[in-house]
Amino acid sequence: MTVATFEPAPLEAAPAIQRRKRLLLVAYNFPPVGGAGVQRPVKWAKYLGSFGWDVTVLTTLNPSVPVRDESLLADLPPDIEIIRARTWEPDYKVKQNLIAAESTARKGIVRRLKETARGVAKRCVKLALQPDPQVLWNYHAIQAGTAALRDRQHDAILVTAPAYSSFYIGAALKRRFGLPLILDYRDEWDLSGKYLENAQRDWISRVVQSRMQQQLLRTADAVVATTRRSTEALAEKLSHLKHGAASHCIYNGYDAEDFENAIPDSAASHNGCDVLKPERGTFRLVYTGTLWNLTDIEPLVRGIEHLDNARPDLSRRLELVCVGRKTVEQSAVLNRINNTSARLVSIDYCEHSTVLQWLRSASGVCLLLSDVPGAERVVPAKLFEYLAVRKDMLAISPAGETADIVNQFFPQGHFTPGQVSAISDWLQHHISAADLPTHESSVDETALREFSRESQTERLAEILNSLVTQH
């Protein structure tokens, strides 16, 4: 009798299931907070999941900020964990009043003495709140971050700034849990101290904050900046400190999905911001973002004034749309447009989705960067959305990284701030062609994709994976 036996084939080793990693992302500015600085952490939270990283966001419960944008909440993945810690800061308007200096001219002696005393008190408070008033968030944020890291396994910590006081949150959590720490500079600390509104520019603050930055850089396992030249500047600081942390460039980029619902030819109204198609024969030039000392609109206004003197028939066909906050000084410069034949549309703030509709409705877009020390290392975040909207760009900036990127895509539209006549000529040429059929400008699509938020987030995931492997 023959007995058949069954010999099972050798089992192949099943592929190991790779555990998803988790990042603690510390961001003072996060939806429903609005503004350009919010986009960076939001897009990371949106896209990191595609590259194996889940995200826990640690942010503020009651942020002291000038603008809010509820529409940004829709960009967040449904499974994201958001922890909100209370800050001891006062309301933004109260904080602005505290920071603002008051004039003591032409007032009685008693009143002047009282205001002088209040001024001394304000300066003392400012000196105590180093490096910024958001340091009043740190106590509760460290508590909340500690609880989050104890409750669930995380693999790395990333802190994005400003506010630079948030770097101390990351440093404290790293000491307690030993996780790799990345410090993300949305703006260079040194440049912010020179140009940001309400920055503390006294010599004591400069010395204190310089030492703070050195101390914090020593705690980092890696640092990230938004331009290559800023990355090089940080690398020099790390080298001077003899600290081996690597520095990396991750641009802000654009999100292609943001433009899918921004319809250029239909009217839309959101929060009182009406977006209409420009009238036939009108050249609509759109600027979006804050107007302040680092984005001085003076060169553009002078170019429009020059055009108005030479060709008022063309000037009256120009519509300049400025969407965003403006300092008092910049508002005064901008209002000079009302003395020309051109039309000015000035909007203080709109939700980001509406800003994109303004861009889609534009005949051309305008980028501004002041010619000041350090500007060669700055790349405004809006540049990448301007590229993605594929409209002719008028870029007024000094030589530097912004100019390098603009010249890669729109070399005929870049001018330095002093080239007023050339700016006027660019406007004249484009206004004259406003009656022609509109079309998207051709751009190098392969080069443009490199600046997408998804591509830039993939770069971040690679840095995170490398740090976890080394740790």
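Values in this document were obtained by computation on a predicted structure and should not be read as measured data.

> What's the story with the overall build of the chain in this structure? I'm lost.
Looking only at helices and strands, the chain features 17 helices and 15 strands. Counted over contacts in the chain with a minimum sequence separation of 6, partners at least 24 positions apart contribute 78%. Total accessible area computed for the chain in this model is approximately 22,400 Å², and 51% of it derives from carbon and sulfur atoms.

> Explain the side chain of R377 here, please?
Of note, R377 is situated in the loop between β13 (364-368) and α13 (382-389). A distance of 2.7 Å separates a polar atom in the side chain of R377 from a polar atom in the side chain of E188. Residue contacts for R377: discarding those within four places in its chain leaves E188, L191, T227, R229, S230 and A233.

> Whenever I open this one, the sheet that holds strand β12 (residues 343-347) confuses me. Can you help?
Within a sheet, each strand pairs with its neighbour through backbone hydrogen bonds, oriented either parallel or antiparallel. Spatially, β12-β11-β10-β13-β14-β15 is the arrangement adopted by the 6 strands of the open sheet, whose pairing is parallel. Either end of the sheet is taken by a strand with one partner, and the two such strands are β12 and β15 (414-415). Sheet topology places strand β11 (residues 318-323) next to β12; 5 bridges connect them, and they run parallel. In the strand pairing of β12, E319 is matched with R343. Across the face of the sheet, helix α12 (residues 352-361) comes into contact with β10 (283-288), β11, β12 and β13 while running at roughly 150° to β10.

> Explain the pattern of salt bridges to me, please; I cannot follow it from the model alone.
Pairs can form between side chains of opposite charge whenever their charged atoms are close. Per the counting criterion, the structure on display carries 22 salt bridges. Notably, a salt bridge pairs D404 with R229, separated by 3.2 Å at the nearest N-O pair. Taken together, the residues D404 in helix α14 (residues 401-409) and R229 in helix α8 (residues 228-240) connect sequence positions 175 residues apart. The class of R229 is partly exposed, set by a relative accessible area of 32%. When salt bridges with common partners are traced through the structure, they connect K43, K46, D75, D255, E257 and D258 into a single cluster.

> Just checking my understanding: could you explain the sheet that holds strand β6 (residues 222-225) for this structure?
In space, the 7 strands of this open sheet follow the order β3-β2-β1-β4-β5-β6-β7, with parallel pairing throughout. Either end of the sheet is taken by a strand with one partner, and the two such strands are β3 (81-85) and β7 (246-249). Sheet twist, expressed as the average angle between the axes of neighbouring strands with direction ignored, equals 20°. Summarising the sheet, strand β1 (residues 21-27) and strand β4 (residues 156-161) pair through 5 bridges and their orientation is parallel. Bridge pairing in β4 places V26 opposite V159. The sheet strands contacting helix α1 (residues 36-47) are β1, β2 (53-60), β4, β5 (181-185) and β6, and the helix crosses β1 at an angle near 165°. This element, helix α17 (residues 453-470), spans β1, β2, β4, β5, β6 and β7 of the sheet and lies at about 100° to β2.

> How should the confidence of the model for the chain be read in this particular structure?
Detailed reading of the predicted coordinates is not advisable wherever pLDDT falls low. Here the chain averages 88 in pLDDT, while 84% of its residues score no lower than 70. Confidence drops under a pLDDT of 50 for residues 116-121, and excluding neighbours within four residues, the segment shows 2 contacts in the predicted structure. Confidence drops under a pLDDT of 50 for residues 264-272, and excluding neighbours within four residues, the segment shows 14 contacts in the predicted structure.

> What exactly am I supposed to notice about the packing of aromatic side chains here?
The geometry of an aromatic ring pair comes down to the distance between the two centres and the angle between the two planes. This structure, assessed with the given rule, holds 12 aromatic pairs. Between Y164 and Y185, the ring centres sit 6.4 Å apart and the planes meet at 45°, which makes this aromatic pair tilted. Here the residue Y164 occupies a position in the loop between β4 and α5 (166-177), and Y185 occupies one in strand β5, the gap between them amounting to 21 residues. There is no split in this pair, since Y164 and Y185 are both buried. Ring plane angle 5° and centroid distance 4.8 Å describe the contact between Y164 and W189, whose orientation is recorded as stacked.

About the cut-offs
Residues numbered from 1 in each chain as written. Predicted model: local features only at pLDDT ≥ 70, side-chain atom pairs only at ≥ 80, totals over all residues. Heavy atoms only, no water. Helix = DSSP H or I, 4+ residues; strand = E, 2+ residues; numbered from the N terminus. Contact = heavy atoms within 4.5 Å. Areas by Shrake-Rupley, 256 points an atom, 1.4 Å probe, with all protein chains shown as cover. Polar contact = N/O pair within 3.5 Å; in protein donor to acceptor, adjacent residues only side chain to side chain. Pairing = 2+ DSSP bridges. Axes fitted to C-alpha atoms, helices over the stretch in contact; angles between N-to-C directions. Salt bridge = Lys/Arg side-chain N within 4 Å of Asp/Glu carboxyl O. Buried < 20%, exposed > 50% of the residue type's maximum accessible area, 1.4 Å probe, protein only. pLDDT = per-residue confidence, 0-100. Phe/Tyr/Trp six-rings, centres within 6.5 Å; stacked < 30°, edge-to-face > 60°.

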